[in-house]
Amino acid sequence: MRNLKLLRCLRCPELRGPGVPQCLTVRTDSGTVLVASERGVVELDPRSAQVVAELSLTAQELLPEDGGGGVVGIQELPDQEAVCVATAAGDVILLNLSTSQVECVGSVDSGLTAMSWSPDQELVALATGQETVIVMTKDFEPITEMEIHQDDFGEGKFITVGWGKKETQFHGSEGKWAAQRKPTPAVAWDDRRPRISWRGDGQLFAVSTVCPQTGARKVRVWNRECVLQSTSEIINGLEQALCWKPSGSLIACSQRQPNKHSVVFMEKNGLLHGDFTLPFAKDQVKVKELLWNSDSTVLGVWLEDMEPGEDSRLSTYIQLWTVGNYHWYLKQSLNFGRNPQHAPACLSWDPEVPYRLHLVTRDWTSLTYDWTWSTDRSASGDSAHDNAYVAVIDGVLVTPFRRCVIPPPMCAYDLQLPAPVTQVTFHPESSRSNELAVLMADGRLAVFGRGEFLSDGEPGTTASGFRVIVQPPELKKTYSLALDHEEPLALHLLLWLREDVFLGVVCGERPSESRLLILVPSAAYIMFLEHRSQQCIPMCLRCSVPVEGHVISQCHSPRTGTVALQLEDGHIWKFLWEPSMTEWRVGPDPVVRFPVPCVQTALATISGEEHLLGLTDRSCLFVGDTEVASNVSSFVVCDTFLLLTTHAHTCRCLDLSSLSVKGLQTTLGSDAEPNDETLRRVERGSRVVTVVPQDGRLILQMPRGNLETIHHRALVLSQVRKWLDSLKFKDAFECMRKLRINLNLIYDHNPKVFLENVDTFLKQIASVNHINLFLTELKEEDTTKTMYPCQSTTLGTPSAGGSQSKVDTVSVMSVKSTVSAEEALKYLLFLVNVNELYEHSLGTYDFDLVLMVAEKSQKDPKEYLSFLNTLKKMEPNYQRYTIDRHLRRYRKALNHLSKCGEEHFTECLNLVKDQRLYSEALQLYPPHSPQYKALSCAYAEYLVEQQQAEQAGLLLWRCGEMPRALQAFVSCCSWRHALCVAAKIPLPPNQLALLARDLAGTAPPDGDCEEAISALIAGAAWEEALRLVGVPTSQPYTHCHRPSQCNQMSFLEGQKATFIRHKNRLSVVRELKEKARLELLDEDAPDCPDSELFSEASSMITASATGSKYSHSNSRISARSSKNRRKAERKKYSLKEGSPLEDVALLHALTETLYTEVHSLLKALVLFGLDSQAQKLQQDYGEVLLLMEASIPEVWPEGQQQSSVPVTGPNSTANSIMASYQQQKPSPLVPQQDAEVFNPPKMRSNIKWKLTILK
């Protein structure tokens, strides 16, 4: 849905060359135009409007002095720095552009009628006057000469399957007599000259000539070796124009049919394949030439009237057509009027710049047009009345995307206009953005009024019964523009500024100058035609502002009224209404300019300052002079948002109000975060068409032409937040429900405001089902921080519910705000059991709610009233404890009972013992309190019963119960702990000796206990260190050494990171070696006789193929000493990237990653009261073990495990048996003792290393 917008028009009037222009070519190095006439060759520079050079061919006697000669072709040859000219007399002339030397490189006696060079300029095809084609090399050496008219069809002749002759086949409505009808001869105005056109790759060329037998034109296709490939079928009315599409798919011709005049397309086999009709009567115009641009996107049609007008003159036109979704659009029409001197004499597309058209008129006026693609859309502001119109030039096809999404080539409305359309512009004001102005090729400007919305109450139906959702645009007024410029498209870059005020650009008086025109309607004529709206109102020039340079784009901001202009050198100017212009500045910064000219510009406000955004034809996005992205395919500014699509097939939506230019550059240059609402994946090649304001819909167009509507999360969330801020809960709820946005955002966006307006929320939603949906989705999560983070959102304060959860708060507020609680309760009773509802209501500790529910149940009032009265008499914490115990919520009951004081501790201890809530209870009391000691002793008794006496001893030791701790350690034979506790009691020497004798241990000799303790702690021998701490001679060091898990935690983190790094690298190495193995198999590996020795399981290829130095040095290694041999083996299993056995070394490293002991450290941490650190260490160690266990199938897959038994049997295949035998063969590079690394390690899950008291 894009249009061709004219960027720039270079006009060089009346250069006064010799003779009349006949053909032209473009110099790719300098951009100048070489024009050939009947007298010579002239080089024109469109930028400076000067004649660079003039080479006369009449002086060289290569053309006649009387001007009767002609030039049939001209082509620039950059490699030879020359230009080749072919004359009708038969001379092929080479003009050296640097030395101005003229050389006739060949001559044909019968004359030449056409010349065409191949795209690679290696071959040239010449059509002679004897109806032959000569093909020569670039050095003008003849390759072959063949007759154009041949009876043979060519090498691509169709195969007949015996279905009879063509005369006997079905011919449709024309009947069988059509098969005997003779071909229609060529039209009378046909110049009967051959036309030659090459395919883009230079492998084929087509020749269109008039057949001498039938008088009709035929197209024949030859290949590069001058072998005829095909001949076209008989096409009645085929005309002289011929041009092969550079992409190679179709050959364009023109055909005059009985009821229409068409441009038809032909395949290389000569069969027709598609067409489109020209917007003229059957005998109104003739097609002189067809021209494809270099990238095959635009087809130029050069036309001329058949019959002269009243002034006996002919009009000339150039039309530009594009195709999309199998429909041809007339994008631009250049009307050169009836003056024969202003008619084009020759034209050509630029070979380097695809959308640049060069033409020279008969009076030697040079015109150069630069085009670009643009989407004409209504102002994307913040108005809900903007229909999001998009206008496509083909006529004018208008679609309001707010009301309907219609894929092209269809549309909602086709505006019928009396002349072709060249430009479309929309009204800038948001309240009138549905009004558009259309500039036609004849200089008239039509203004259409906006289509009004129809409310749901209006019938909105037509007489035919169809429902109308928006009224079509109506023609309000028509203006006529009278400019002093005679060339077509003199006024371009038209911009609608305000009511009946337009701004346009025309060429200046000097070649390097432009002029800005402010056009307004004539006031006197408006008063005269006040009641005659169908008449044309003349536009007058209010003022003209000269601009030094060519203006290539201009844009207008409806918010600020700023008009920004861009010159061809990247300079940016601001247009003022004085009228004057000033250079663009941002704050105190110097003058801002684009480093590269941009083809699309837009104004946007970033961090409170207005900036000009520009997109180049190389996909670079600039904000002023700062490049913020280099892979942008399209963009649009809507309100405060910048939406753009990238070549990485993503769509970004960024809020410019919360970003700076540097922040925008950083955001677009970095990867998106998880749950990033600004990024969305889109289909390859998607482009932005428009955005529907205040709706969240983004319309994208795919490369094939179809449309897709997406709701970008950033746009939707922004609109939802605006609705919530303005208390439009219904609009926000409906949008979120339809687009599956979590409804928690309604509360989380601003909890305080929501709770203050719960009544408004319930009144707007109204539906009980929707309220239930909202309540069921509530969860204890702040979605503004997890799912939908937004830096610009200012969150409200939490609700007044204090410690009450969000779900309870919203539910209670909703129930309180309900008009009738009785009705709500009745509704709930339909959904849940009344007894369950009674228990849940009792759990809220709200007796009024309990009574309300109990009255609806079948319970006896004598039962529940006495129970409730008893509860009301209790102290609040004990009351809640009783309720929780009744509801079997023992953890909550324990929490409430612990707050009831010491008089209830016995009951609390009994509850802990009954429900085994020891760990929970220990967290509710201070560590040195009597309650904590009593709970620890009870917990220790429970652990002794569970055969965990050692952990029980630790608890008793920690709380000071040394005798009982000693008894527990002795019962589990923990001799170190027992001796340590015995020294703490302390026991008499005789009893200590007896205890030691019973435990079969000996006391340590006297020595340096501090050094011994430090060494044991460094070696993580915690139990032995504790025993030595308990020795009487080491008492001063008891509190000097406390266990710490910091070293162990850092060790665990390092081991985990190493394991993950080795695992990822192993997958990469295996993939690379598998790829190399497959490449080796494809090459049949002639230099690898031992390739069958290496199994697929080891992922290794032969050493001869990989160039390993170890496979060729076995003899030297075996002869070395054992020390060197071990050194070589260690070097062989190197973890260095790219080493031959890197995968084996990685397997070794993965096998030996984690061997550490944490059980004794956990016990030591618990003994010293460091429960939190011990719990963290136990949790992290368990996570590392789970990671390694889950990675075993990936590191040691089943296919790589060494098997000693071949797989045979009735279910085996030859390939599986060979694979099993090959797996038994050890790799010559891997020793037999290291083959075990291919087997996965065994995880010893039966070892109990965790402490129960830490769970």
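Fair warning: this is a prediction, and the values are worked out from it, not measured in the lab. (Residues numbered from 1 in each chain as written. Predicted model: local features only at pLDDT ≥ 70, side-chain atom pairs only at ≥ 80, totals over all residues. Heavy atoms only, no water.)

Enquirer: Explain the packing of helix 31 (residues 1159-1167) against helix 32 (residues 1171-1195) here, please?
Expert: Between two packed helices, what matters for the description is the angle formed by their axes and the separation of those axes. Running from N to C, helix 31 and helix 32 cross one another at 160°; their axes reach a closest spacing of 8 Å. Here helix 32 runs roughly antiparallel to helix 31, going by the angle between their axes. Considering how the two elements wind past one another, helix 31 and helix 32 form a crossing that is left-handed. In this structure, helix 31 contributes L1161, L1162, L1165 and V1166 to the contact, and helix 32 contributes D1171, Q1173, A1174, L1177 and Q1178. Of the residues belonging to the contact of helix 31 with helix 32, the class tally is six nonpolar, two polar and one charged. (Axes fitted to C-alpha atoms, helices over the stretch in contact; angles between N-to-C directions. Helix = DSSP H or I, 4+ residues; strand = E, 2+ residues; numbered from the N terminus. Parallel < 35°, antiparallel > 145°, perpendicular 65-115°, else oblique. Left-handed = near helix turned anticlockwise from the far one by under 90°. Contact = heavy atoms within 4.5 Å. Nonpolar A, V, L, I, M, F, W, Y, C, P; charged D, E, K, R; others polar.)

Enquirer: Before we go on, may I ask you to explain the sheet that holds strand 29 (residues 376-377) in this structure?
Expert: One key point about sheets: their strands pair by backbone hydrogen bonds, in either a parallel or an antiparallel sense. Read across the open sheet, the four strands follow the order 29-30-31-32; overall the sheet is antiparallel. Edge strands, defined here as strands with exactly one partner in the open sheet, are strand 29 and strand 32 (413-415). Here three bridges tie strand 31 (residues 396-400) to strand 32, and the two strands are oriented antiparallel to one another. Opposite L397, over in strand 32, you have D414 as the bridge partner. (Pairing = 2+ DSSP bridges.)

Enquirer: Got a minute to help me understand the pairing of strand 30 (residues 389-392) in this structure?
Expert: Taken residue by residue, a regular strand's side chains alternate between the two faces of the sheet. Both faces of strand 30 are covered, namely the face carrying Y389 and A391 and the face carrying V390 and V392. Across two bridges, the pairing between strand 29 and strand 30 is antiparallel. Of the residues in strand 30, the one forming a bridge with D376 is A391. Between strand 30 and strand 31, which follow one another and run antiparallel, lie three residues, and G395 among them has a positive phi close to 75°. (Buried < 20%, exposed > 50% of the residue type's maximum accessible area, 1.4 Å probe, protein only.)

Enquirer: So what exactly am I meant to see when it comes to the packing of helix 20 (residues 949-958) against helix 21 (residues 962-971) here?
Expert: Packing of helix 20 against helix 21 leaves a shortest axis separation of 8 Å and a crossing angle of 165°. It follows from the interaxial angle that helix 20 and helix 21 lie roughly antiparallel. Viewed along their axes, helix 20 and helix 21 form a crossing whose handedness is left-handed. From helix 20, A949, E950, G953, L954, L956 and W957 reach across to helix 21, where they touch M962, R964, A965, A968, F969 and S971. When its residues are assigned to classes, the contact of helix 20 with helix 21 shows eight nonpolar, two polar and two charged.

Enquirer: How should the nonpolar core be read in this particular structure?
Expert: Note that soluble globular proteins tend to have their nonpolar side chains buried in a common cluster. Ranked by internal contacts, the top residues of the largest apolar core, which has 72 residues, are L935, Y939, W957, L1162 and I1253. Each residue touching Y939, except ones within four places of it in the same chain, is listed here: Y918, S919, L922, L955, T1252 and I1253. Formed by 26 residues, the second largest nonpolar core is a distinct cluster that contains F729, F761, I771 and Y788. (Core = buried A, V, L, I, M, F, W, Y, C linked by side-chain atoms within 4.5 Å.)

Enquirer: So what exactly am I meant to see when it comes to the sheet that holds strand 53 (residues 687-692) here?
Expert: What the three strands build is an open sheet, ordered 53-54-55; its pairing is antiparallel. Each having just a single partner strand, strand 53 and strand 55 (707-711) make up the two edges of the open sheet. The average undirected angle you get between the axes of adjacent strands in this sheet is 25°. With five bridges connecting them, strand 53 and strand 54 (residues 697-701) associate as antiparallel partners. Paired with V688 across the bridge in strand 54 is L700.

Enquirer: Could you clarify how one ought to interpret a nonpolar patch on the surface in this entry?
Expert: A surface patch of nonpolar side chains, about 420 Å² in accessible area, is lined by L828, F830, L831 and V832. Looking at the element boundaries, F830 is found in helix 11 (residues 821-831). (Patch = residues over 30% accessible without salt bridge, like charges linked within 9 Å, V, L, I, M, F, W, Y side chains within 5 Å. Areas by Shrake-Rupley, 256 points an atom, 1.4 Å probe, with all protein chains shown as cover. Salt bridge = Lys/Arg side-chain N within 4 Å of Asp/Glu carboxyl O.)

Enquirer: For this particular structure, what's the right way to read helix 21?
Expert: Of the residues making up helix 21, those classed as buried are M962, A965, L966, A968 and F969. All buried residues of helix 21 lie within an arc of 165° about the axis, which places them on one face of the element. Structural note: helix 21 exposes P963, Q967 and S971 on the side pointing more than 90 degrees away from its buried face. Contact partners of the buried residues in helix 21: helix 20, helix 22 (975-984) and helix 23 (989-998). One or two positions beyond helix 21, positive phi appears at C973, with a value near 60°. (Arc of directions from axis to C-beta.)

Enquirer: It is not clear to me how unusual backbone geometry should be interpreted in this structure. Could you clarify?
Expert: Most peptide bonds adopt trans geometry, and most residues besides glycine take a negative phi value. Cis geometry marks the peptide bond from P408 to P409, where omega comes out at 10°. With respect to the element layout, P409 can be found in the loop between strand 31 and strand 32. Following I985, the chain continues into P986 via a peptide bond in cis, with omega recorded as -15°. Assignment of secondary structure puts P986 in the loop between helix 22 and helix 23.

Enquirer: I'm lost on the packing of aromatic side chains in this one. Help?
Expert: We describe a pair of aromatic rings using the distance from one ring centre to the other and the angle between the two ring planes. Inspection of every chain in the model, using the stated rule, returns 26 aromatic pairs. Relative to W292, the ring of F265 has its centre 6.2 Å away and its plane inclined at 45°; by these criteria the two rings are tilted. Highlighted residues: F265 in strand 20 (residues 261-266) and W292 in strand 22 (residues 285-292), separated in sequence by 27 residues. Residue class for F265 comes out buried when judged on its relative accessible area of 1%. The class of W292 is buried, set by a relative accessible area of 8%. Ring centres 5.8 Å apart and planes at 55° place the aromatic pair F754 and F774 in the tilted group. Placement of F754 in helix 7 (residues 751-756) and of F774 in helix 9 (residues 768-777) is noted, with a sequence separation of 20 residues between them. Feature note: the residues F265, F276, W292, W321 and W328 constitute an aromatic cluster, connected by ring pairs. Lying across the ring of Y329, K331 places its NZ or CZ 4.7 Å from the centre. Here the guanidinium or amino end of K859 rests over the ring plane of Y838, the centre of that ring lying 4.8 Å away. (Phe/Tyr/Trp six-rings, centres within 6.5 Å; stacked < 30°, edge-to-face > 60°. Lys NZ or Arg CZ within 6 Å of the ring centre and 35° of its normal.)

Enquirer: For this particular structure, what's the right way to read the pairing of strand 39 (residues 513-521)?
Expert: Counting buried positions over the nine residues of strand 39 gives nine, a clear majority of the element. Of the two faces of strand 39, both are covered, the one formed by E513, R515, L517, L519 and P521 as well as the one formed by S514, L516, I518 and V520. Sheet topology places strand 38 (residues 501-507) next to strand 39; six bridges connect them, and they run antiparallel. The partner of V505 across the bridge, within strand 39, is L516. Between strand 38 and strand 39, which follow one another and run antiparallel, lie five residues. As judged from the nine bridges shared by strand 39 and strand 40 (residues 536-548), these two strands associate in the antiparallel manner. Within the sheet, the bridge partner assigned to S514 lies in strand 40 and is V547.

Enquirer: When you look at helix 17 (residues 905-915) in this model, what are you seeing that I'm missing?
Expert: Burial in helix 17 covers these residues: F905, C908, L909, L911 and V912. All buried residues of helix 17 fall inside an arc of 160° around its axis, so they share one side. Residues T906 and D914 are exposed on helix 17 and point more than 90 degrees away from its buried face. Where helix 17 is buried, its residues meet helix 15 (876-886), helix 16 (890-897), helix 18 (918-922) and helix 19 (930-945).

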